[in-house]
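Here is how the chains run, residue by residue.
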Amino acid sequence: MGSIDVIGTNLLGLPQTSKQRAPNTHPLGRYLFVLAIVLLGALYAAPNLFQPDPALQIKPEDPDQALDAALLEKARRALEEAGIAVPAAETGAGSAFLRLSRDEDQLRGREVLMQALSGLDEHYIVALTRLPTTPAWLQDLGAKPMSLGLDLSGGVHLLLQVDMDKFIGDRMLAMQETARDALVDARLRYMGRDWVDGTRLRIPFRTVAARDEAATLLAEQFQGFESSSIDDQEQPSLEFAMLDEHLRQMEDAAISQNLQSLRNRVNELGVSEPLVQRLGRERIVLDLPGIQDSAEAKRIINKFANLQFRLVAMPGDRSSLTEVYDYEGGPVTLLRKNIVTGDQVTSANQDYDPETAQPQVSIGLDSDGGRRMNEATRDNVGRSMAIIFIEQKPRTRTVLVEGQETVERYSEEERRLISVATIQSALGYNFRITGLELGEARDLALLLRAGALAAPMYIVEERTVGASLGEDNIDRGRQSVTVGFLLVMLFMLLRYRGFGLAADLALTANLMLLMAVMSILGATLTLPGIAGIVLTVGMAVDANVLIFSRIREELKDRPPQQAIQAGFERALLTILDANITTFFVAIILFSIGSGPVKGFAVTLAVGIVTSVFTAVMCTRSLVNLMYGGRTLEALRI
Amino acid sequence: MNLPILDFMAKRKVAGAGSIALLLISVASLTLNGLNFGLDFTGGTLVEVGFPEPVDTEQVRSQLEEAGFVNGVVQHFGSDREVLVRMPPQATGDPAALGDRILSTIQAEAPDAAMRQSNFVGPVVGEELAESAGLAILTALAVVMLYILFRFTKQFSVGAVGALAHDVLLVLGIFSVFQWTFDLAVVAAVLAVVGYSLNDTIVVSDRIRENFRTVRRGTPIDIINKSLNQTLGRTLVTSLTTLLVLLALLLAGGEGIRGFAAALTIGVVIGTYSSIYIAANILVLMNISREDLLPPEKENAKESYP
């Protein structure tokens, strides 16, 4: 706005002060500031130019176990013997990393290493991973490349629905069993046996006195429930209704346990950077980059298997306390009460019975489980103990919903008695289980190690991208960015000459800043994200075009320097208005969209910010350097 | 290079009639044909398989039918070595494992066939995705309307949202008429069209507002015409650069991103047209006048250039 005054002072030939500059020049500091930002951008965008190496990661299952150089050397030798080149090996963060030179070697290398490390005392996990090749000095500055989304790196994305109804139902049944045990022990006469209705439990009694006594007795067990005494049809009964808050707590606990168990399982699968996250009230997201065999991953992840150890019933046991199972063609009556369940297992390994060479699972119990097992077996030597193997299997059925046939998912519990053996002596913390097939034994060991799922889950969404498609996507993305970028650069240069050059330089700076900001934010690059970058390239020049057309218009009734000044200033408001609204749209995309839409929204939003900065600051500085501070007779734009 | 002064507003009735006709066709097609919803919204299973040699889709289809998979769609994807199988939920078996079963059926005949992608979307998730996509488009329109109401006036707000709704409807209409697959990526593209078209509309509106304040002579139609001419060069150049990069995406981006690029390309063309005709037309219809745009004193001082 002060441009006319400035020109006036210059005509008087007065020395320039900081306030009275030649038209369209910045103080040196301003140029340096813009330059510094662009250089910083270049620095933090740089890691993306280095292609990461394929690598294998070895980590001990016990995180306290140290990895020594001998193990690293052993692994390296095993790989080299198998004809797999290992250009570098290093240890760090409790793991050993072996860089490979070819992607194809990764899967075979993993097999080789698992074989080579299987004979050792420690249990090791081998995972496929990628190691950055960013130079050390860049890494020291905290510069890191963007991580690639599953559509670029290949891998499995799963959305799991936790079957809360089933989980809560099971808990209610367990409460019913405990309540019945307590009532039997206190010799209170109840009626019926199926008391559960949803999240309510209603126990009928013969007398009001028994009911009232039971209310006091059960009060402690039913914390988190609202209890009420009901007298209808001369049938005194006691009702416990679960409070919403308690329900929520149980759900949260179930999800947490499922998350933990999933993390352990995913570790066992050998995924180096998995994402396991709760989504909403009863869903879990699972991202497994690099996994090729999605069927195997899904089988392990979604497997719900558990064990129960029980005593075989004696002839005099009350029938309400027992259950009948099939075992080798005949019925076996077991006590309902568990001695120990799979939740109390701390270690489980599949190996072979040295005498029969049959597969078996060696199990270690935690202190509570060990004590209970010892107490139960000590007093019952000579009696039989049974082991029940429980599996939840996903099933479907076709049901009619509003006249339409829909396929409904549910899980079915399969219980199988796998062994009945006489207790020879008191058992302790460690024992073995036989009677399983090899595959079952291996999976059972893995699942017991990883911890059981608290609630069964089923897959509601899966997106798996194979490695070949991922690579194609990267190539295509790179090509589209390059082609789009060059086309736009060429066009701007032809259309606006000198100003076009400034715009092209600003566009280059824009692309670098965009990459830098995304890298610093730790954003994940996806194919839609790349599309967002391409679109940003096309739209980013808009701000420059706005400025240049404005300058051209102003040239009709102003001298060149004033026209440049006016063009930039008048276009600014329009640029801001237009970009702020588009930014809103990007935010909406991000907050409401899912998956692919989110990736696109992030690049769009970041792109808008960097575009405005480069158009307003970089282009201005470049134009000032090119045209500012001198007398211009005419301006070609 | 100077563009001639074009009398845009003289043709506004023709353009308006044309737009209304196209909108009617779009709405008719959307009601009659509907959209060809992709896997994201319908739910089901989709498997892309890569073969080492070109393969006949008929062969794959009959092979799958023999194995008992019904109502599947088998087509080439990108080249004749890639095959896309889309399968609705089947009556038996775990739906989440359907993709694996399709793959192993194909691999039984062609052991070298490799999985390129395998997607499964459960029906509930599909419904949720459709809901959130619709919600996203509506929220975007509402927020834009509020922002322009705050920055400009009621007329501009209605004009901009009218233009955006016009663009969205026409893009959806084209996808419906040609029965192109409409998935999440296309929704993202439609929202990007909203962003792009909005950008255009605001640039034009900005100039119209400025001219109403500074140009003392002429009818509103003259002033709008003058503004449209002033911004025409910029509108065309920006559309052209955007179309250039979209061309790059269409040519080099591959099959997976084709729907997205196509939706955006159409959207950019329509968006450019709508910012000239629809937004301005609505301004005229709503009787915009100089008085509506008289700025507060303070802002006036800032805006008027020496």
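All values derive from a computational prediction rather than experimental measurement.

Counting its secondary structure elements, chain A contains 16 helices and 23 strands. The globule rule puts the C-alpha radius of gyration for 637 residues at 26 Å, and the 35 Å found for chain A is more than 25% above it. In chain A, buried positions account for 41% of the 637 residues. Contacts in chain A between residues far apart in sequence, at least 24 positions, make up 71% of those at least 6 positions apart.

Across its full length, chain B holds 10 helices and 6 strands. With the C-alpha coordinates of chain B rotated into their principal frame, the extents come out at 80 × 40 × 35 Å. Counting every position in chain B, which comprises 306 residues, the buried fraction comes to 49%. Partitioning the contacts of chain B with sequence separation of at least 6, the portion at a separation of at least 24 is 77%.

Attention now moves to the interface of chain B and chain A. Facing 66 residues of chain B, the contacting portion of chain A comprises 67 residues. Looking at the side of chain B that touches chain A, the elements that each hand over two or more residues are strand S2 (44-50), strand S5 (114-121), helix H5 (123-151), helix H7 (184-214) and helix H8 (220-252) of chain B. In terms of residue class, the side of chain B that touches chain A is made up of 41 nonpolar, 18 polar and 7 charged. Looking at chain direction, strand S22 (residues 457-465) of chain A and S5 of chain B are connected through 5 bridges and run antiparallel.

It is worth spelling out the sheet that holds strand S2 (residues 88-92) of chain A at this point. Residues and elements named next belong to chain A. A sheet is described by the order of its strands in space; here 4 strands give the open sequence S2-S3-S1-S4, paired in antiparallel fashion. The open sheet terminates on both sides in strands that have one partner only, identified here as S2 and strand S4 (124-131). On average, each strand axis in the sheet is tilted by 25° relative to the strand beside it, whichever way the strands run. Sheet topology note: the S2/strand S3 (residues 95-99) ladder contains 5 bridges and is antiparallel. If you follow Gly-92 over to S3, its bridge partner there is Ser-95. Sitting on the sheet, helix H3 (residues 69-81) touches strand S1 (53-60), S2 and S3, and the angle it makes with S3 is about 30°.

This part is about the confidence of the model for chain A. The predicted coordinates of low-pLDDT regions are not to be read in fine detail. Averaged over every residue, the pLDDT of chain A is 84; the share at 70 or more is 94%. Note that residues 1-18 of chain A has pLDDT below 50 and, in this model, 15 contacts with residues that lie over four places away or in other chains.

The next subject is the domain arrangement of chain B. Reports often express the size of an interface as the amount of accessible area lost when the parts come together. Taken as a whole, chain B is organised into domain 1 (8-37 + 125-303) and domain 2 (44-121). Relative to domain 2 of chain B, the C-alpha centre of domain 1 of chain B lies at a distance of 40 Å.

The next thing to look at is the sheet that holds strand S4 (residues 79-87) of chain B. Taken together, the 8 strands give an open sheet; going across it, the order is S11(A)-S12(A)-S6(A)-S22(A)-S5(B)-S2(B)-S4(B)-S3(B), and neighbouring strands pair in antiparallel fashion. Where the open sheet ends on each side, the last strands, each with one partner, are strand S11 (275-279) of chain A together with strand S3 (73-77) of chain B. Taken pair by pair, the neighbouring strands of this sheet meet at an average axis angle of 20°, ignoring direction. For S2 of chain B and S5 of chain B, the ladder comprises 7 bridges, and the chain directions are antiparallel. For Leu-46 of chain B, the partnering residue across the bridge sits in S5 of chain B and is Asn-119 of chain B. Packing of helix H13 (residues 467-521) of chain A onto the sheet brings it into contact with S22 of chain A together with S2 and S5 of chain B, and relative to S5 of chain B it is tilted by some 90°. On the sheet, helix H4 (residues 98-109) of chain B packs against S2, S4 and S5 of chain B and is oriented at approximately 35° with respect to S2 of chain B.

What follows covers the pairing of S22 of chain A. Residue and element names in this part refer to chain A. Of all the 9 residues making up S22, 9 are buried; the element is thus mostly covered by neighbouring parts of the structure. The sheet contact formed by strand S6 (residues 155-162) and S22 spans 8 bridges and is antiparallel. Paired with Leu-160 across the bridge in S22 is Ile-459.

Next up on the list: H3 of chain A. Spanning 13 residues, H3 of chain A covers 18 Å between terminal C-alpha atoms, matching the ideal 18 Å at 1.5 Å per step. Gly-83 of chain A occupies a position one or two residues after H3 of chain A and carries a positive phi of about 80°.

A separate point is the nonpolar core. Counting 139 residues, the largest nonpolar core has Val-534 and Leu-589 of chain A together with Ala-188, Ala-189, Val-190, Leu-191 and Phe-260 of chain B as its most contacted members. Top contributing element to this core by residue count: H13 of chain A, with 20 residues. Ala-55, Val-126 and Val-312 of chain A together with Ala-96 of chain B belong to the second-largest nonpolar core, a separate cluster that totals 93 residues.

Attention shifts here to the packing of helix H15 (residues 560-592) of chain A against H5 of chain B. Look at H15 of chain A against H5 of chain B: their axes get within 9 Å of each other, and the N-to-C directions meet at 155°. With respect to H5 of chain B, the element H15 of chain A is oriented roughly antiparallel. As for the relative orientation of H15 of chain A and H5 of chain B, their crossing is right-handed in sense. Across the interface between the two elements, Asp-577, Thr-581, Phe-584, Val-585, Ile-588, Leu-589 and Ile-592 of chain A from H15 of chain A touch Ser-132, Leu-135, Ala-136, Thr-139, Ala-140, Val-143, Val-144, Tyr-147 and Arg-151 of chain B from H5 of chain B. Taken together, the residues that form the contact of H15 of chain A with H5 of chain B break down as 11 nonpolar, 3 polar and 2 charged.

Residue and element names in this part refer to chain A. If you trace the backbone, Tyr-190 turns up in the loop between helix H7 (164-185) and strand S7 (196-197). Residues Tyr-190 and Ala-210, 20 residues apart in the sequence, show an inter-C-alpha distance of 8.1 Å. Look past the residues within four positions of Tyr-190 in its chain and what remains in contact with it is Leu-183, Ile-203, Pro-204 and Phe-205.

Once the domains are mapped, chain A shows domain 1 (28-48 + 468-627), domain 2 (53-131), domain 3 (164-244) and domain 4 (306-439). Once you take the C-alpha centre of each, domain 1 of chain A and domain 3 of chain A turn out to be 68 Å apart.

Okay, unusual backbone geometry next. Residues and elements named next belong to chain B. Even without being a glycine, Gln-179 presents a positive backbone phi close to 55°. Structurally, the position occupied by Gln-179 is in the loop between helix H6 (154-177) and strand S6 (181-182). Take Gln-179: there are 12 C-beta atoms within 10 Å of it, and that puts it in the exposed class. If you check the backbone angles, Asn-287 has positive phi at about 55° while not being a glycine.

Our next topic: helix H4 (residues 105-117) of chain A. Across its 13 residues, H4 of chain A extends 18 Å between first and last C-alpha, which sits within 8% of the 18 Å expected from 1.5 Å per residue. Residues of H4 of chain A that are buried sit in contact with S1, H3 and S4 of chain A.

Now for the packing of helix H1 (residues 12-32) of chain B against helix H9 (residues 258-285) of chain B. Residues and elements named next belong to chain B. Taken N-terminus to C-terminus, the directions of H1 and H9 make an angle of 115°; their axes are 10 Å apart at the nearest point. Judged on the interaxial angle alone, H9 and H1 are roughly perpendicular. Seen along the crossing, H1 lies across H9 with a hand that is left-handed. Contact residues: Arg-12, Ala-15, Gly-16 and Ser-19 in H1; Tyr-277, Ile-278, Asn-281 and Val-284 in H9. The residue makeup of the contact of H1 with H9, split by class, is 4 nonpolar, 3 polar and 1 charged.

Criteria and cut-off values
- Residues numbered from 1 in each chain as written.
- Chains lettered and ligands numbered in written order.
- Predicted model: local features only at pLDDT ≥ 70, side-chain atom pairs only at ≥ 80, totals over all residues.
- Helix = DSSP H or I, 4+ residues; strand = E, 2+ residues; numbered from the N terminus.
- Rg over C-alpha atoms; globule rule 2.2 N^0.38 Å.
- Buried ≥ 20, exposed ≤ 12 C-beta atoms within 10 Å, placed from the backbone.
- Contact = placed C-beta atoms within 7 Å.
- Nonpolar A, V, L, I, M, F, W, Y, C, P; charged D, E, K, R; others polar.
- Pairing = 2+ DSSP bridges.
- Axes fitted to C-alpha atoms, helices over the stretch in contact; angles between N-to-C directions.
- pLDDT = per-residue confidence, 0-100.
- Domains from an automatic or database assignment.
- Expected span 1.5 Å × (residues − 1).
- Core = buried A, V, L, I, M, F, W, Y, C linked by C-beta atoms within 7 Å.
- Parallel < 35°, antiparallel > 145°, perpendicular 65-115°, else oblique.
- Left-handed = near helix turned anticlockwise from the far one by under 90°.

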